[in-house]
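Given next are the chains, with one letter for each unit.
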Amino acid sequence: MRFDFDSVTRRRLGYHLIDQIDAFFSSLPDRPVQLPLEQRSYGALYDPLPESGEDPRRVLDEICREMVDKGFHVPSANYFGLMNPTSTYMGVLAEALVAALNPQLATLARSQLASKIEMETVRWIGERVGWPGDFNGTFTSGGNEANFSGLALALASSFPESVEEGVASIGAQPVVYASAEAHHSLDKSAGLLGIGRKGLRRIAVNEAAQLDPRRLDEAIREDRAAGRKPFCVVATAGTTNSGTVDDLSAISEVCKRHNLWLHVDGAYGAGAIFSDQHRDLVRGIEQADSLTLDPHKWLAVPFAAGAILTSHPEILERTFAVAAPYMPKAAGARLPDNARISTQWTRRMNSLKLWLTLRVHGRKGYEELIDQQLKLTSSFAKWVETSDEFELAVPPTLPIITFRLKSSGLNPQQLAALHENIVDEVTRDGSRWISETEVTGHSVLRMMVISYLTEERHLQALETALTNALKRLNFRIQTGA
Ligand SMILES: Cc1ncc(COP(=O)(O)O)c(C=O)c1O
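Parameters at a glance
Residues numbered from 1 in each chain as written. Predicted model: local features only at pLDDT ≥ 70, side-chain atom pairs only at ≥ 80, totals over all residues. Heavy atoms only, no water. Near = heavy atom within 4 Å. Polar contact = N/O pair within 3.5 Å; in protein donor to acceptor, adjacent residues only side chain to side chain. Areas by Shrake-Rupley, 256 points an atom, 1.4 Å probe, with all protein chains shown as cover. Helix = DSSP H or I, 4+ residues; strand = E, 2+ residues; numbered from the N terminus. Nonpolar A, V, L, I, M, F, W, Y, C, P; charged D, E, K, R; others polar. Salt bridge = Lys/Arg side-chain N within 4 Å of Asp/Glu carboxyl O. Buried < 20%, exposed > 50% of the residue type's maximum accessible area, 1.4 Å probe, protein only. Contact = heavy atoms within 4.5 Å. Domains from an automatic or database assignment. Patch = residues over 30% accessible without salt bridge, like charges linked within 9 Å, V, L, I, M, F, W, Y side chains within 5 Å. Pairing = 2+ DSSP bridges. Axes fitted to C-alpha atoms, helices over the stretch in contact; angles between N-to-C directions. Phe/Tyr/Trp six-rings, centres within 6.5 Å; stacked < 30°, edge-to-face > 60°. Parallel < 35°, antiparallel > 145°, perpendicular 65-115°, else oblique. Left-handed = near helix turned anticlockwise from the far one by under 90°. Core = buried A, V, L, I, M, F, W, Y, C linked by side-chain atoms within 4.5 Å.

Enquirer: In this structure, what is going on with the site of the ligand? I would like to understand it.
Expert: Taken together, 13 residues surround the ligand, and among them Gly143, Asn144, Asp265, Asp294 and His296 come closest. Here an oxygen atom of the ligand sits 2.8 Å away from a polar atom, N or O, in the main chain of Asn144. Relative to its unbound accessible area of 390 Å², the ligand is 84% covered by the protein chains. Looking at the shell around the ligand, the element that brings in the most residues is helix α6 (residues 143-158), giving three residues. Residue composition of the shell around the ligand, by class: two nonpolar, eight polar and three charged.

Enquirer: Would you take a moment to explain the pattern of salt bridges for this structure?
Expert: Side-chain pairs of opposite charge can arise where the charged atoms are in close proximity. Overall, the coordinates contain 30 salt bridges when judged by the stated rule. Notably, a salt bridge pairs Asp217 with Arg221, separated by 2.6 Å at the nearest N-O pair. Highlighted residues: Asp217 and Arg221, both in helix α9 (residues 213-225), separated by four residues, approximately one helical turn. Given a relative accessible area of 46%, Arg221 falls into the partly exposed group. Across the salt bridge formed by Arg363 and Glu367, the nearest N and O atoms sit 2.5 Å from each other. You can see Arg363 and its partner Glu367 sitting in helix α12 (residues 352-386), four residues apart, about one turn around the helix. Glu367 sits in the buried class, given a relative accessible area of 14%. What you see here is one network of salt bridges that share partners, running through Arg128, Asp276, Arg363 and Glu367.

Enquirer: Looking at this structure, I do not really get the side chain of Thr140. What am I missing?
Expert: Secondary-structure assignment places Thr140 in strand β1 (residues 136-140). Within the local environment of Thr140, its side chain forms a polar contact with the backbone nitrogen of Ala307, the two atoms lying 3.5 Å apart. In this structure Thr140 touches Glu145, Ala146, Ala305, Gly306, Ala307, Ile308, Gln344 and Asn350, once residues within four positions along its chain are discounted.

Enquirer: Which parts of the structure should I look at to understand the domain arrangement of the protein chain?
Expert: A common way to report how large an interface is uses the accessible area buried once the components associate. Examined at the domain level, the protein chain breaks down into domain 1 (7-83) and domain 2 (103-350). Taken over C-alpha atoms, the centre of domain 1 sits 35 Å from the centre of domain 2.

Enquirer: Quick question: what am I supposed to make of a nonpolar patch on the surface here?
Expert: A cluster of nonpolar side chains, Ile18, Tyr89 and Leu93, forms an exposed patch at the surface whose accessible area comes to about 210 Å². Within the secondary structure, Leu93 is located in helix α3 (residues 89-101).

Enquirer: Explain the sheet that holds strand β8 (residues 390-392) here, please?
Expert: Across a sheet, paired strands are connected by hydrogen bonds in the backbone, their directions being either parallel or antiparallel. The antiparallel open sheet is built from four strands, whose spatial order is β8-β9-β11-β10. Edge positions in the sheet fall to β8 and β10 (435-439), since each of these pairs with one other strand and no more. Going from strand to strand, the sheet's axes swing by 45 degrees on average, the running direction of each strand aside. Along the sheet, helix α13 (residues 412-427) contacts β8, β9 (400-405), β10 and β11 (442-448); its crossing angle with β11, the most-contacted strand, is approximately 25 degrees.

Enquirer: So what exactly am I meant to see when it comes to the sheet that holds strand β2 (residues 174-179) here?
Expert: In space, the seven strands of this open sheet follow the order β1-β7-β6-β5-β4-β2-β3, with mixed pairing throughout. Both edges of this open sheet fall to β1 and β3 (200-203), since each of them pairs with a single strand only. Averaged over all neighbouring strand pairs, the angle between strand axes comes to 20 degrees, with direction disregarded. As paired elements, β1 and strand β7 (residues 306-310) share five bridges and run antiparallel to each other. In the sheet register, Thr140 faces β7, and the bridge partner there is Gly306. α9 rests against β2, β3 and β4 (229-236) of the sheet, and its axis sits at about 145 degrees to β3.

Enquirer: Whenever I open this one, the packing of aromatic side chains confuses me. Can you help?
Expert: Two measures describe an aromatic ring pair: the distance that separates the ring centres and the angle between the ring planes. By the definition in use, this model includes 15 aromatic pairs. Between Phe24 and Phe25 the ring centres are 6.5 Å apart and the planes differ by 75 degrees, which places this aromatic pair in the edge-to-face class. Take Phe24 and Phe25: they sit in the same class, and that class is buried. With 5.6 Å between their ring centres and 70 degrees between their planes, Phe380 and Phe403 make a pair best called edge-to-face. Of this pair, Phe380 sits in helix α12 while Phe403 is found in strand β9, placing the two residues 23 residues apart along the sequence. The pair formed by Phe380 and Phe403 is uniform in burial state, with each residue classed as buried.

Enquirer: Would you explain the packing of α13 against helix α14 (residues 456-473) in this entry?
Expert: When two helices pack together, their arrangement is given by the angle between the helix axes and the distance between those axes. Orientation of α13 relative to α14, taken along the N-to-C sense of each, is 120 degrees, at an axis distance of 9 Å. Compared by their axis directions, α13 and α14 come out oblique. As for the relative orientation of α13 and α14, their crossing is right-handed in sense. Across the interface between the two elements, Leu418, Asn421, Ile422, Glu425 and Val426 of α13 pack against Leu462, Ala465, Leu466, Ala469, Leu470, Arg472 and Leu473 of α14.

Enquirer: Just checking my understanding: could you explain the environment of Thr427 for this structure?
Expert: Relative to the helices and strands, Thr427 is located in helix α13. Aside from chain neighbours lying at most four places away, what touches Thr427 is Gln34, Arg40, Arg432, Trp433 and Ile434.

Enquirer: Is there a simple way to explain the nonpolar core in this structure?
Expert: Across soluble globular proteins, nonpolar side chains have a tendency to be buried as a group. Ile125, Tyr177, Leu216 and Ile285 are the most contacted members of the largest nonpolar core, which has 54 residues in total. Per-element tally for this core: the top contributor is α12, with six residues. No fewer than three residues from each of domain 1 (7-83) and domain 2 (103-350) sit in this core. Among all residues touching Ile285, those that are not within four sequence positions of it are Val129, Leu248, Val264, Ala270, Ile273, Arg279 and Leu291.

Enquirer: Would you take a moment to explain the pairing of β7 for this structure?
Expert: On any regular strand, side chains alternate: one points to one face of the sheet, the next to the other face. Most of β7 sits out of view: five of its five residues are buried. Alternating residues of β7 divide into Gly306, Ile308 and Thr310 and Ala307 and Leu309, and every residue in both groups is buried. Relative to β7, strand β6 (residues 290-293) runs antiparallel, the two sharing four bridges. Paired with Leu291 across the strands is Leu309, a residue of β7.

Take a look at the structure:
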């Protein structure tokens, strides 16, 4: 079958797909997250490579049905998940438009308006961060790439020669610091940048699971005394496990004292900059030399959309710029080509979904979303606090609750096993999803409110599911009695 469908076919398929997407969206407030346990499978598909094509409507129907019926649905209101949202509908439409127009963001000469929209979106984010001076940045595929870029910027800022000569030219081990709770993308990035994973020093956290500034200061002094070269601290605004926000102002003081670059990994939590009421959750974020923010987390746009911004825009080109004869030139351009400030060359327009969502819902849409999710989690936290069986593990800051069984008689392995059993029970029928993880090395149950469709009734159903899970497990609190 040829690729150039006629207009009738394009419209027929397009409207049909929109109907399917609409039905899916209508089902989300009550949709199970996944199939019941006994029906789930994780194997490969073994269909042969299609030699000639099939009827597009039939294939589209089949794949929509299969993906909806058998998929794992992070957009469900019952997904109390990791940081994956229900997409805004404007975000969905933006994705279709971007796929159709396929703007190439590598260079200004070929993207023009698409680049202007991206730069405007970056400006909107940077203005909300509140940097006093210049800033710039770029969209990324997500937080991994943004954190990688942040460390690359820090390295190029501290050791400019390393961009051309490599990290060996630094003459000693460069060291970057992050809390024991910081995201694993930092380990990957340190390895890939040649710093080495061992060049990432994990600093112990305090009781609230925050990076301890005093221990950080000590570690920097130790490393300097041992001849190593500290150059960057990563503070997290919204850890993956517990949503903890490090004390950004205190860490920034340590960075200033030792002349180190401060990268803030706000992949999730930096979304709070869009709230006037809750901006304080990330107080001090404007001290960051660079910042990761993933619109595909709290800002509810479809994957993939991350962003890296810096208050030292000149370092972007120092880090990423290369020249090649085939790069089209835009006569009179006063802005750097995207490829000169990004790890990527061919680049998708990941900004439009946030730009369109902001145009339609405004910042106030996010103000409401953030407030609604914080209220819901505080109501769930109250339920935990008044429960006979559970207790909070870490005081919640963002819409993530970590909690555990009150279990004085259990050892850590038994407690972790029980938590896993509870998760299995709660998720067995597929209706809803929570997880088990570790905070400060201890097993916890974890739930977060991430869908804008989640309401109080979904939390009540989760509370009932947790209570029933305990009954089924026949759990008795070990009171020592
Ligand atoms: C704190 C934090 N940073 C970075 C990342 C990586 O982001 P992404 O999955 O978009 O690459 C995550 C992912 O959950 C995260 O929680």
